[in-house]
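Take a look at the letters that make up each chain.
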Amino acid sequence: MQEDIQFRPADAPGGVRHVLNAIVAPRAIAWVSSVAPDGTVNLAPHSYTTVFSTNPPIVGFVSTGEKDTLRNVRASGEFVYNVVSDDLLDVMNLTSADFPPDVSEVEWADLTPVSSDLIAAPRLAESPLAMECTVVEIRQVPGANSWLVLGEVLAFHTSPMVWKNERIDLSAVRPLTRLGGNDYGRFGEIVNRKRP
């Protein structure tokens, strides 16, 4: 058997980010919509995201750097977590560019904002699943230029196309996932196992 290749984070070939993103993969993508104080609708993909609690329902994402999304959710206390289906890959990728704060990625990418029921931030008509959230905590990761944003889900929105037998059919959603570098993962085979 060959010896493992070992290195410390400071010595990671290509940088530690590339190694971490390849190891912790695939990752869901939170396509976060928020509203700036001047009314500009911001939309940005975040792939450091997960569920933190089911009771109450808490989801979260990480902002690497103090970008528009972080500034907006700090000011408004709310956001929408939109799910990216694989047919939205190219348009989602466009919204990952660095736009000035007064430019709406939703308008620029010709997406369709839909009024949320309980918050000011809109959801996307093109997204098959969305969650309206209010911020419960924003915490800087110690020693890092990253912030964890936690939000309580106030409302779920699901397209009728992906709602089957009182459940979300992920094979119909086909959620896109983030891998390392510029790579994304498409939805594959579903394997079912009952817990012992």
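Scroll up a little and you will see the structure.
Residues numbered from 1 in each chain as written. Predicted model: local features only at pLDDT ≥ 70, side-chain atom pairs only at ≥ 80, totals over all residues. Heavy atoms only, no water.

1. Remarks on the overall build of the chain
Each helix and strand in the chain was counted, giving five helices and 14 strands. Taking 196 residues into account, the globule formula puts the C-alpha radius of gyration at 16 Å, and the chain, at 18 Å, falls close to it. The C-alpha extent of the chain, read off along each of the three principal axes, is 60 × 40 × 35 Å. When contacts within the chain are restricted to residue pairs at least 6 apart in sequence, those whose partners lie at least 24 apart make up 60%. On the chain, roughly 12,000 Å² of surface is accessible, and the fraction owed to carbon and sulfur atoms is 52%. Within the chain, one finds 16 positive and 24 negative side-chain charges whose respective centroids are separated by 9 Å. (Helix = DSSP H or I, 4+ residues; strand = E, 2+ residues; numbered from the N terminus. Rg over C-alpha atoms; globule rule 2.2 N^0.38 Å. Contact = heavy atoms within 4.5 Å. Areas by Shrake-Rupley, 256 points an atom, 1.4 Å probe, with all protein chains shown as cover. Lys, Arg positive; Asp, Glu negative; His and termini not counted. Charge placed at Lys NZ, Arg CZ, Asp CG, Glu CD.)

2. A word on the sheet that holds strand 1 (residues 27-28)
Spatially, the three strands line up as an open sheet ordered 1-13-14, and their pairing is antiparallel. Across the chains shown, the open sheet's two edge strands, defined by having one partner strand only, are strand 1 and strand 14 (184-185). (Pairing = 2+ DSSP bridges.)

3. Re the pattern of salt bridges
If the charged atoms of two oppositely charged side chains come close together, the side chains can form a pair. In the structure shown here, the tally under the stated rule is six salt bridges. One salt bridge connects R71 with D68, and the closest N-O pair in it is separated by 2.5 Å. With R71 and D68 both in helix 2 (residues 68-76) and three residues apart, this pair spans about one turn of that helix. Classification of R71 by relative accessible area gives partly exposed; the value is 38%. Under the relative-accessibility criterion, D68 is labelled buried at 10%. Members of the salt-bridge network, linked through shared partners, are D86, R174 and R186. (Salt bridge = Lys/Arg side-chain N within 4 Å of Asp/Glu carboxyl O. Buried < 20%, exposed > 50% of the residue type's maximum accessible area, 1.4 Å probe, protein only.)

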